[in-house]
Number of protein chains: 2
Amino acid sequence: MAEESVVTDLPMKRPREDEENGVSAATEAMETETISNDYISSVIPGWFSEISPMWPGEAHSLKVEKILFQGKSDYQNVMVFQSSTYGKVLVLDGVIQLTERDECAYQEMITHLPLCSIANPKKVLVIGGGDGGVLREVARHTSVEQIDICEIDKMVVDVSKKFFPYVSVGYEDPRVTLHIGDGVAFLKAVPEGTYDAVIVDSSDPIGPAQELFEKPFFESIAKALRPGGVVSTQAESIWLHMNIIEDIVTNCRQIFKGSVNYAWTTVPTYPSGMIGFMLCSTEGPTVDFKHPVNPIDSNDCQSKSKPLKFYNSELHTAAFCLPSFAKKVIDSKAQS
Amino acid sequence: MAEESVVTDLPMKRPREDEENGVSAATEAMETETISNDYISSVIPGWFSEISPMWPGEAHSLKVEKILFQGKSDYQNVMVFQSSTYGKVLVLDGVIQLTERDECAYQEMITHLPLCSIANPKKVLVIGGGDGGVLREVARHTSVEQIDICEIDKMVVDVSKKFFPYVSVGYEDPRVTLHIGDGVAFLKAVPEGTYDAVIVDSSDPIGPAQELFEKPFFESIAKALRPGGVVSTQAESIWLHMNIIEDIVTNCRQIFKGSVNYAWTTVPTYPSGMIGFMLCSTEGPTVDFKHPVNPIDSNDCQSKSKPLKFYNSELHTAAFCLPSFAKKVIDSKAQS
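Now for a quick tour of the structure.

Calculation rules
Residues numbered from 1 in each chain as written. Chains lettered and ligands numbered in written order. Predicted model: local features only at pLDDT ≥ 70, side-chain atom pairs only at ≥ 80, totals over all residues. Heavy atoms only, no water. Core = buried A, V, L, I, M, F, W, Y, C linked by side-chain atoms within 4.5 Å. Buried < 20%, exposed > 50% of the residue type's maximum accessible area, 1.4 Å probe, protein only. Contact = heavy atoms within 4.5 Å. Phe/Tyr/Trp six-rings, centres within 6.5 Å; stacked < 30°, edge-to-face > 60°. Helix = DSSP H or I, 4+ residues; strand = E, 2+ residues; numbered from the N terminus. Buried area = accessible area lost by both parts, 1.4 Å probe. Salt bridge = Lys/Arg side-chain N within 4 Å of Asp/Glu carboxyl O. Polar contact = N/O pair within 3.5 Å; in protein donor to acceptor, adjacent residues only side chain to side chain. Nonpolar A, V, L, I, M, F, W, Y, C, P; charged D, E, K, R; others polar. Pairing = 2+ DSSP bridges.

1. Notes on the nonpolar core
Thinking step 1. Core analysis: the biggest nonpolar cluster contains 188 residues, and Ile221(A), Phe256(A), Ile221(B) and Phe256(B) have the highest contact counts within it.
Thinking step 2. Apart from residues no more than four positions distant in its own chain, Phe256(B) is found in contact with Phe218(B), Ile221(B), Ala222(B), Leu225(B), Val231(B), Cys280(B), Ser281(B) and Thr282(B).

In structure tokens form, the structure reads like this:
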């Protein structure tokens, strides 16, 4: 019943280093050359296994139908593969960023938790999120006039446009301006009080996203937000990274003088099957994240042809309800 | 960063078949004999990998420190191992049933969702749940006078008592009576209207638990419950098994004339990182599961020395809030 035959190593082609654009090296799973790879085939032959010191002693594996792209950008290893049951999968430095099957949960929650919590958001900044999924969700809000995105890695943008059209569709909105560069530097240069909302769609705090979890970065966000502006940042899992969450909450409590909250959602292909978000507001008009003032469920912002798959107003409020073990720790840090 | 060396196959000893009690065969990871095993080492050598046709194309793996027990009961393969980061793990037919690190989420939610939804529960029946964790949680309710449990597999009970004392502690409550036998037959023999609550803590609907997902079983539960009595059953994941959930909801809607609801919780070591529960009540006094009448958070039922780790009243209500894709399907079945 639970037996599975072990398949042999997948043949893969390494992208040529002399090519200018990583995407042009997309290999369409050429089957002429077998190379070693840190993430594929060293653990379960023919399967992708996500193993990291960030979640020691456990691994989630997806069966690989075909490697669609492998490249090394200036910042990280980028890979796309066709999985057998989760659709196409985007992997950065060996860690799953999104799958077609469950990306809706992450993208919709990290975006609508902040944007539904304030009335008439107009200017929104996305840091990271190069795949474009957050842009797609921001674009549902008709009040929004300006969407800036600062992504450090052009290869992520290009790969998403090529392999994940339903995600990168966000770039097609005319309100979007893409800035390829360092989010930390970008934010420092933002005039004070520019944005209604900042969304930080980062990878884990090892690799290129490390600074996005540190105090100076949160200070830059607070400065870039208008009074009563809101931020939503990827904030790891209560099952795996409570120590990281504690630090984030402590930092945010010092910096954001409005409200500081932790919310979470289910995402099957993320470690522990869930991920959290820090939702904070700056001093100014009160933001009560748990009782959103800007519902999106049935308004005009939501295209009839592309309805929300995951987010709704009930789930918005529910996302702030935490298991007791997490609530105890987070509340103590949030109130200190 | 994400690289992991592959370890060699774990040596394991098969329990001696001539021993009367599976538990006495516990091997303490004797390292003298290497055997093949369907679940260990065929996928990631030295790791346990959970592979099943119930969740094709994906596998969750835990690093194994030591095999503590392996046995074959009349019903299933039973295994206990020490994982490197989730504590001890109980596995039935290759599928993780509980780990010390996250068992609280499942046990507390499947128990307190029903028992906190009615006033003064007195008689409670547990079907399955041989590990004793649900009993431990039922026992927190001081109003309860009688706790019956019907578990088909004595080996599960014995193994839990030996290796999971913090789970099997539930058996020590004097209100508990253990019946080793078939839950379907047990329920048929129960006089009509006996129980205030029935909790069905089953494995997946392949193997010994198959009948626990079928209509005649739900009919027996309804008959065994008093008017306005409640049932909570393990009901799979919205990410993986919506077809099974649809069938369960359809059956329950026909059988339970009170209310029919689906709730869910995060459990990292279950497939997709979550699991759901069907919460239903029989015709009689109205049961509104979403607004529990019997809060347990700070009452006397909760021993100061062993506080709830996971469940709280806020999370109870939040557990009924579903992602839009699931809400749409479940609501349509529940109302038809």
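Following the structure, the description resumes.
2. Points about the packing of aromatic side chains
Residue and element names in this part refer to chain B.
Thinking step 1. All told, the structure shown has 19 aromatic pairs over all chains when counted by the stated rule.
Thinking step 2. Here tyrosine 106 and phenylalanine 277 contribute two aromatic rings whose centre-to-centre distance is 5.8 Å and whose plane-to-plane angle is 45°, an arrangement assigned as tilted. Here phenylalanine 277 lies in strand β12 (residues 274–281) and tyrosine 106 lies in helix α1 (residues 103–115), a separation of 171 residues in the sequence.
Thinking step 3. Taking the relative accessible area as the measure of exposure, tyrosine 106 reaches 4% and is therefore buried.
Thinking step 4. Since its relative accessible area comes to 0%, phenylalanine 277 is described here as buried.

3. Re the interface of chain B and chain A
Thinking step 1. Counting from both sides, the interface comprises 54 residues of chain B and, opposite them, 53 residues of chain A.
Thinking step 2. For the pairing of chain B and chain A, the buried interface totals around 4,600 Å² over both sides, and the portion due to carbon and sulfur atoms is 60%.
Thinking step 3. In this structure, the connection of chain B to chain A is made through zero salt bridges.
Thinking step 4. At the junction of chain B and chain A, the tally comes to 24 residue pairs in polar contact (both at pLDDT 80 or more).
Thinking step 5. Listing elements by their share of the side of chain B that touches chain A, those giving two or more residues are β2 (58–72), α1, β11 (260–266), α8 (313–318) and α9 (324–335) of chain B.
Thinking step 6. Of all the elements, β2(B) adds the most residues to the side of chain B that touches chain A, at six residues.
Thinking step 7. Taken together, the residues of the side of chain B that touches chain A sort by class into 31 nonpolar, 12 polar and 11 charged.
Thinking step 8. Looking at chain direction, strand β2 (residues 58–72) of chain A and β2(B) are connected through five bridges and run antiparallel. Considered in β2(B), the bridge of His60(A) is made with His60(B).

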